[in-house]
Structure formats: C-alpha cells, structure tokens
Amino acid sequence: MNYPVLAQRVRYFKEDTKGVATMCRAFEEVREESAREAKHEQAIESAKTMLADGLLYKTIARYAKLPIEEVKALDTKKPA
C-alpha cells in the first residue's frame, strides 16, 4: 500500500481482535437496517394492494403494521 496510515487501519480491522469485532458489529448493523427497510417496503406494497381492494385504512394499518397516516398517504384514489 502507498499510504502507511491506511495500511495500519486496514490491518487493525482485519487482524486485531477489537478491530474485527468492530467491523462485525458494523456489518451486523447494516444488515439489520437493510432487513428493516425491506420489511417496510413489503408492508407498503401489501398496503397498496389492500387499498386497491377497497379495505378500510384502519384494517390495512393493522394488518400491514403501518401507521394509519402512512396508509392514508399511500391512497392515490382519495379525493383532492
């Protein structure tokens, strides 16, 4: 490597016990956040389908586990 400071930090995160643990925690946090986002997107898609089927906001919010305000915001057919 051309940069000694960078080489030292990479070595720390790859070889040092504390560095490896830090990286593992960071990757776990990213993985969990990604899973939360995917679950939320899936809930939104389900809510849109239920809206298209004409279900009530309250029912959709309960089944999709979304706030009722968010369900209302997803409704594109509501009057202006």
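Located above this text is the structure these notes cover.
Owing to the predicted nature of the structure, the values given are computational and were not obtained by experimental measurement. (Residues numbered from 1 in each chain as written. Predicted model: local features only at pLDDT ≥ 70, side-chain atom pairs only at ≥ 80, totals over all residues. Heavy atoms only, no water.)

At Lys65, a residue that is not glycine, the phi angle is positive and equals roughly 55°. You can see Lys65 is positioned in the loop between helix H3 (57-64) and helix H4 (68-74). On the accessibility criterion, Lys65 (71% relative accessible area) is exposed. (Helix = DSSP H or I, 4+ residues; strand = E, 2+ residues; numbered from the N terminus. Buried < 20%, exposed > 50% of the residue type's maximum accessible area, 1.4 Å probe, protein only.)

On to the nonpolar core. Residues Ala43, Ile44, Ala47, Met50, Leu51, Ile60, Ala61, Ala64, Leu66, Val71 and Leu74 constitute the largest nonpolar core, which totals 11 residues. Put simply, the parts of the chain that give this core at least two residues each are helix H2 (17-52), H3 and H4. Here this core takes five residues from H2, the largest share from any one element. (Core = buried A, V, L, I, M, F, W, Y, C linked by side-chain atoms within 4.5 Å.)

To continue, consider the pattern of salt bridges. Scanning all chains against the criterion turns up three salt bridges. Taking the shortest distance from any N to any O, the salt bridge between Glu28 and Arg31 comes out at 2.6 Å. Note that Glu28 and Arg31 are positioned in helix H2 at a spacing of three residues, about one turn of the helix. A salt bridge links Arg36 to Glu33; the nearest nitrogen and oxygen atoms lie 2.8 Å apart. Of this pair, Arg36 and Glu33 both sit in helix H2, three residues apart, roughly one helical turn. Owing to a relative accessible area of 48%, Arg36 belongs among the partly exposed residues under this scheme. We classify Glu33 as partly exposed; its relative accessible area is 34%. (Salt bridge = Lys/Arg side-chain N within 4 Å of Asp/Glu carboxyl O.)

Moving on: the packing of aromatic side chains. Tallied over the full model, the rule gives one aromatic pair. Ring centres of Tyr12 and Phe13 lie 5.1 Å apart, and the angle between their planes is 70°; on these two criteria the pair is classed as edge-to-face. Classification of Tyr12 as partly exposed rests on a relative accessible area of 27%. Above the face of the Tyr63 ring, Arg62 is positioned so that its terminal group lies 4.8 Å from the ring centre. (Phe/Tyr/Trp six-rings, centres within 6.5 Å; stacked < 30°, edge-to-face > 60°. Lys NZ or Arg CZ within 6 Å of the ring centre and 35° of its normal.)

Right, let's get into the environment of Ile44. Mapping Ile44 onto the fold places it in helix H2. The sequence separation of Ile44 and Glu69 amounts to 25 residues, and the corresponding C-alpha distance is 12 Å. Residue contacts for Ile44: discarding those within four places in its chain leaves Leu66, Glu70 and Leu74. (Contact = heavy atoms within 4.5 Å.)

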